[in-house]
Amino acid sequence: LWHAYNLVQAGDEVRCTTVRKVVKESSTGSTTSQKRRVMLTIAVTKVDFDPDVLQLRISGQVTSENELVRMGAHHTLTVELNSNFSITKDVWDQ
């Protein structure tokens, strides 16, 4: 994870499975919320590494269309050891 922390920069795109709280409103105005596992792609704005819990937290705006999450919404991906994720960069050699 330390190497991923040094590899991911602001402006990159990261795709990962994450948990997102989805709020639904009924016709009567009452709301219900549930946590759903979704695949999101975000444009990275901030990257943090926590060595105590071995987690990489990647914050940014959602760039992929999803039925549960609107484009442009802010989200933080939490990448843990043995998590699958992909990084897309405009330029790899910098």
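All values derive from a computational prediction rather than experimental measurement.

**Student:** I'd love a proper account of the nonpolar core, names of residues and values included.
**Tutor:** In terms of nonpolar packing, the biggest core is built from 17 residues, with Val 8, Val 14, Val 44, Leu 56, Ile 58, Val 62 and Leu 77 touching the most fellow members. Of all elements in the fold, only β1 (13-25), β2 (31-50), β3 (55-62) and β4 (74-80) reach the threshold of two or more residues within this core. A total of five residues in this core trace back to one element, the largest contributor, which is β2. The contacts of Leu 56, once residues within four sequence positions are left out, are Leu 1, Ala 4, Tyr 5, Val 47, Asp 48, Phe 49, Leu 77, Thr 78 and Val 79.

**Student:** If you had to explain the packing of aromatic side chains to someone new, which residues and values would you point to?
**Tutor:** All chains considered together, the criterion is met by three aromatic pairs. Summarising the aromatic geometry, the rings of Trp 2 and Tyr 5 are spaced 5.3 Å apart at their centres and angled 35 degrees between planes, so their arrangement reads as tilted. Remark: Tyr 5 and Trp 2 occur in helix α1 (residues 2-7); sequence separation between them is three residues, near one turn of the helix. Both rings, one in Tyr 5 and one in Phe 49, keep their centres 6.1 Å apart while their planes meet at 35 degrees; by these two values the pair is tilted. Taken together, the positions of Tyr 5 in helix α1 and Phe 49 in strand β2 put the pair 44 residues apart, joining distant regions of the chain.

**Student:** Please provide a residue-by-residue account of the pattern of salt bridges, values included.
**Tutor:** Under the definition given, this model contains two salt bridges. Asp 12 serves as the salt-bridge partner of Lys 89, at 2.7 Å between the closest nitrogen and oxygen. Of this pair, Lys 89 sits in the segment after β5 (85-88) while Asp 12 sits in the loop between α1 and β1, placing them 77 residues apart in sequence. By the burial criterion, Lys 89 is buried, and Asp 12 matches it. Note that Asp 48 and Lys 46 form a salt bridge whose closest N and O atoms lie 3.7 Å from each other. Residue classification places Asp 48 among the partly exposed residues on the basis of a relative accessible area of 36%. Using a relative accessible area of 47% as the deciding quantity, one classes Lys 46 as partly exposed.

Cut-offs used in this document
- Residues numbered from 1 in each chain as written.
- Predicted model: local features only at pLDDT ≥ 70, side-chain atom pairs only at ≥ 80, totals over all residues.
- Heavy atoms only, no water.
- Core = buried A, V, L, I, M, F, W, Y, C linked by side-chain atoms within 4.5 Å.
- Buried < 20%, exposed > 50% of the residue type's maximum accessible area, 1.4 Å probe, protein only.
- Helix = DSSP H or I, 4+ residues; strand = E, 2+ residues; numbered from the N terminus.
- Contact = heavy atoms within 4.5 Å.
- Phe/Tyr/Trp six-rings, centres within 6.5 Å; stacked < 30°, edge-to-face > 60°.
- Salt bridge = Lys/Arg side-chain N within 4 Å of Asp/Glu carboxyl O.

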